[in-house]
Amino acid sequence: MTLSSPVPAAADPAQQRAPYAEAVRASADRDWLRLNVPGHAADPDRFAGLAGHVGEAVLRRDVPPLLEGIDLGPDNPMEQALQLAADAWGARRTWFLTNGASQGNRIAALVAQSLGRTLVVQRSVHSSVVDGLVLSGLGAAFVQPTVDARTGIAHGVTAGDLAVALARNPDAAAAYVVTPSYFGAVADVAALARVAHAAGVPLIVDEAWGSHFGFHPALPANALALGADLVVSSTHKLGGALTQAAMLHLGNGPFADRLEPLVERVHHLTQSTSASSLLLASLDEARRTLVTGHRAITESLAAADAMRAAVRAGGRFRVVSDGFGRFRDIVASDPLRVSVDVRAGGISGHEARRRLMQEHGVLVEVATDAAVVAVVGAGAGPDAERFAAALHALPVVPGVADGTPGLELPEPGPVRMTPREAFLAPGRSVPAAEAVGRISADTLSAYPPGIPNVLPGEEITAELVAFLRKVAAAPTGHVRGAVDPAVTTLRIVADHWTPAPITDRRLA
């Protein structure tokens, strides 16, 4: 495992502060006659329903942008907060995002459009990366991740596979990978960065699930420390910010000078002009908590270890990360992720998740047909015994056997158009059988394992239709993006539409 060293920023006394959050609180404590937005005017009497829902303090701290002493003026608290975040993560520059890591992925794809024509991208990327392809007009060349066929879990990509894909695409704009995975598998970012740089392109990392990396010696190093050029961080996931709050970090590598002005312009284009002070302040507080929270993170790690130990001791279920050594792309695991193979104990992941919630009041993050994933936020202290007791109280469901048939994922169809062309083209829905040989207008992903099987612009094959319908017909199967749950119809690009030459294409 590539472990981090203690956070250098922790020695900086300034990291003990949260300047933006503190400025917002100071403003909220003043007796203002508020004749500006938001319209609730921080009045808990006239907006009693809202105040009762979120609390009076939240109303007062819900302040608009462009206020002197908060985010206006030289060296204002917002600028200080951004610099402290950049120092904490080891970035050349950091941007706060209020539309989640999805906004960061769209920004990264739009920025890449100025660097080349094709994005070389891990096939199991988040749907927001595909959205970025639609917005940017880039073509895509995919690198397949490894897949655990027994549990239906997709992991990461190897440096060797990335090198092959880059060699086949001399017009590549960037390499785009995901690490850690939803299930906590960590890829060899240092090797991936070397391969990307050798090919003359930056490495973009969707590190949505690793915002806490690097903030404790027992955690993996973060992607910036390993050579990534642009990193998307979903700080609300395990980093402690409010839902929808995220960051985008620029590394100090060979592409920094070129990327920085591009990211700044695209961030300005995509960020709300009314960004929530509550979300922004939560990012400032999350950074402070991560940098100064060594003891709390140690307790979180102990809780996650106790959860895994209880799963092993019970002898019924399996810890998914115990099998990571079988996969050549995985070099470490996130110790704050507790992924459990519940099918090994005679119950599907979806049924386990439902029963844990409804019968035991235990919420887990996600389920596949075979597994559930529990996450422990950096600094959180869950009751490991309660989790273990609820898990082992789950019934054995008749007909659910240990192990699943090997997943034989169908090959994607040929690329006929860019994702943008197909997405924006006139489309229509047709019966699934009639869609064979046509161009898809949608992104379709079978769960498990969640890898996009069809993207806008790809030809729909008979094998893909059969596979997607089989998944949809399974008791716990789901096809994300389908027109209907049973995949009886598919949306295709209309017959009569032909893309204009690139020189005439207004939206290219």
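This text follows the structure it describes.
Values in this document were obtained by computation on a predicted structure and should not be read as measured data. All chains use their own residue numbering, which begins from 1 and follows the written sequence. For this predicted model, a pLDDT threshold of at least 70 governs which residues receive local features, and a threshold of 80 or more governs which side-chain atom pairs are given and counted, while totals over whole chains, interfaces and linings are taken from all residues. Values shown for side chains rest on all heavy atoms present in the structure; no hydrogens or waters enter the calculation.

Another point: the nonpolar core. Among buried residues, the Ala, Val, Leu, Ile, Met, Phe, Trp, Tyr and Cys ones that are joined through side-chain atoms within 4.5 Å form a nonpolar core. Here's how the labels work: a residue is buried when its accessible area is under 20% of the maximum for its type, exposed when over 50%, partly exposed in between, all with a 1.4 Å probe on protein chains only. Among the nonpolar cores identified, the biggest contains 111 residues, and Leu119, Leu203, Val340 and Phe387 are the most heavily contacted of them. Residues are treated as being in contact if the distance between any of their heavy atoms lies within 4.5 Å. Beyond its immediate stretch of four places on either side in the chain, phenylalanine 387 contacts Met307, Val311, Val340, Val362, Val364 and Ala374. If you look at the next biggest cluster of nonpolar residues, it comprises 17 residues, including Val430, Ala435, Leu444 and Val479.

An order of β11-β13-β15-β14 is seen for the 4 strands of this open sheet, with the pairing classed as antiparallel. In this open sheet, the two strands that pair with only one neighbour each are β11 (318-319) and β14 (366-367). For two strands to be treated as a pair, DSSP must find no fewer than two bridges joining them. Under the scheme used here, helices are H or I runs from DSSP no shorter than 4 residues and strands are E runs no shorter than 2 residues, and both carry numbers assigned from the N terminus. For β14 and strand β15 (residues 371-375), the ladder comprises 2 bridges, and the chain directions are antiparallel. Each residue of the ladder has a partner; that of valine 366, found in β15, is valine 373. Most of the contacts of helix α12 (residues 294-314) go to strand β13 (residues 337-341), to which it runs at about 15 degrees, and overall it touches β11, β13 and β15. Lines are fitted to the C-alpha atoms to define the axes, a helix being fitted only along its stretch in contact, and any angle between axes, read from their N-to-C directions, falls within 0 to 180 degrees.

A few words on the side chain of arginine 34. Tracing the chain through its elements places arginine 34 in the loop between α1 (19-28) and α2 (48-54). Whenever two N or O atoms come within 3.5 Å, that pair is a polar contact, provided that in protein one can donate a hydrogen and the other can accept it, and provided that, for residues adjacent in sequence, both atoms are side-chain atoms. One polar contact links the side chain of arginine 34 to the main-chain carbonyl oxygen of arginine 60, over a distance of 3.1 Å. There is a polar contact of 2.9 Å between the side chain of arginine 34 and the backbone oxygen of aspartate 62. Those residues in contact with arginine 34, other than ones at most four positions away along the chain, are His40, Ala41, Ala42, Leu59, Arg60, Asp62 and Val63.

The pairing test for Phe, Tyr and Trp rings, Trp by its six-membered ring, is centres within 6.5 Å, and the orientation test on the planes gives stacked under 30 degrees, edge-to-face over 60, and tilted for anything in between. Inspection of every chain in the model, using the stated rule, returns 3 aromatic pairs. Here tryptophan 89 and phenylalanine 215 contribute two aromatic rings whose centre-to-centre distance is 5.0 Å and whose plane-to-plane angle is 75 degrees, an arrangement assigned as edge-to-face. Residue tryptophan 89 is found in helix α4 (residues 77-89), and its partner phenylalanine 215 is found in the loop between β8 (203-206) and β9 (230-233); the two are separated by 126 residues along the sequence. With 6.4 Å between their ring centres and 55 degrees between their planes, tyrosine 182 and phenylalanine 183 make a pair best called tilted.

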